[in-house]
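If you want the building blocks of each chain, they are given just below.
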Amino acid sequence: AQSVTQLDSHVSVSEGTPVLLRCNYSSSYSPSLFWYVQHPNKGLQLLLKYTSAATLVKGINGFEAEFKKSETSFHLTKPSAHMSDAAEYFCVVSDRGGFKTIFGAGTRLFVKA
Amino acid sequence: NAGVTQTPKFQVLKTGQSMTLQCAQDMNHEYMSWYRQDPGMGLRLIHYSVGAGITDQGEVPNGYNVSRSTTEDFPLRLLSAAPSQTSVYFCASSDSGTYTDTQYFGPGTRLTVL
């Protein structure tokens, strides 16, 4: 069975400081892991995904995430936050067990000027 | 390409009414799905389809029906609306639905049931 836990419901950073959004997962098979971003009143957009290739994955807008199997984690980072990064971020797990994906509860990122 | 489109954007229903949320995609994707988004709960899968004529239940299917007569369209029907179905509904599609696929999301339908 799959599950995903986003460890923070809200994260607040100042513009120009690093961003860390934490995600832990469990999966019976080798999973694929995704981060999606949702800006207010919009649909979800893919930031990046891990599908068993390189463990450090680079995405759009300067975000990256590292797959750590030993820690069952897939944390999202960005070196320097921008005001436009303010949004809700979802960690998602999917595995070979079926066609279903499991979403985390989301982390809302606030960026202060 | 329009991508994934959903109509309507907003809808208010009274308890017991029925309605259909429309979803269409123009990417020739085999896999389509419906999610509902509630505060603090992420997105939960309602129903999904791996191709025309094939549908299956997700995590929270009760009170909803789907059908897939064409590759492009995947409507979601609420049979008898209840206040618990107040939510934001997202339709998504992906190439084949395999676990490595990226999903593409529509802009959402915000439904209120009074």
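To be clear, the structure that these remarks concern was listed above.
Keep in mind the model is a prediction, meaning the values are calculated, not measured. All residue numbers refer to position in the chain's written sequence, counted from 1. The naming scheme follows written order: chains are lettered A onward, ligands numbered 1 onward. In view of the model being predicted, local features appear only for residues whose pLDDT reaches at least 70, and side-chain atom pairs are presented and counted only at 80 or more, with totals across whole chains, interfaces and linings using the full set of residues. Values reported for side chains reflect all heavy atoms of the structure, with hydrogen atoms and water molecules removed beforehand.

## Things to note about the pattern of salt bridges
Moving on, step 1. What makes a salt bridge here is a side-chain nitrogen of Lys or Arg within 4 Å of a carboxyl oxygen of Asp or Glu, nothing more. What the rule picks out here adds up to six salt bridges over all chains.
Moving on, step 2. Between Arg108 of chain A and Glu88 of chain A there is a salt bridge, with its nearest N and O atoms 3.0 Å apart. Of this pair, Arg108 of chain A sits in strand 12 (residues 107-112) while Glu88 of chain A sits in strand 10 (residues 87-94), and the two are 20 residues apart along the sequence.
Moving on, step 3. Here Glu88 of chain A falls in the buried class, since its relative accessible area comes to 14%.
Moving on, step 4. Arg44 of chain B is paired through a salt bridge with Asp38 of chain B; the nearest N and O atoms lie 2.8 Å apart.
Moving on, step 5. What emerges from the salt-bridge pattern is a single network uniting Arg36, Asp38 and Arg44 of chain B. Helical segments are the DSSP runs of H or I of at least four residues, strand segments are the runs of E of at least two, and each set is numbered from the N terminus. In this scheme, a residue with accessible area under 20% of its type's maximum is buried, one over 50% is exposed, and one in between is partly exposed, where area comes from a 1.4 Å probe on protein chains only.

## Re the pairing of strand 6 (residues 44-50) of chain A
Residue and element names in this part refer to chain A.
Moving on, step 1. One bridge is not enough; two strands pair if DSSP finds at least two bridges between them. The pairing of strand 5 (residues 32-38) with strand 6 spans six bridges and is classified as antiparallel. What sits directly across from Leu33, in strand 6, is Tyr50.
Moving on, step 2. From the end of strand 5 to the start of strand 6, which pair antiparallel, there are five residues, and Asn41 there has a positive phi angle of about 60 degrees.

## Digging into empty space enclosed by the protein
Moving on, step 1. The rule is simple: put a 1 Å grid over the protein atoms alone, call a set of points where a 1.4 Å probe fits but cannot get out a cavity, call an open set with protein on both sides within 12 Å along at least five of seven lines a pocket, and count a residue as lining if it has an atom within 4 Å of a point. Grid points are joined across faces, edges and corners, and a volume is the space filled by probe spheres set on the points. Considering all chains together, one arrives at one cavity of 30 Å³ or more under this definition.
Moving on, step 2. Size it by volume and the largest cavity reaches roughly 70 Å³.
Moving on, step 3. When the residues that make up the lining of the largest cavity are grouped by side-chain class, the tally is four nonpolar, six polar and one charged. Each residue is assigned to one of three groups, with Ala, Val, Leu, Ile, Met, Phe, Trp, Tyr, Cys and Pro labelled nonpolar, Asp, Glu, Lys and Arg labelled charged, and all others, Gly among them, labelled polar.

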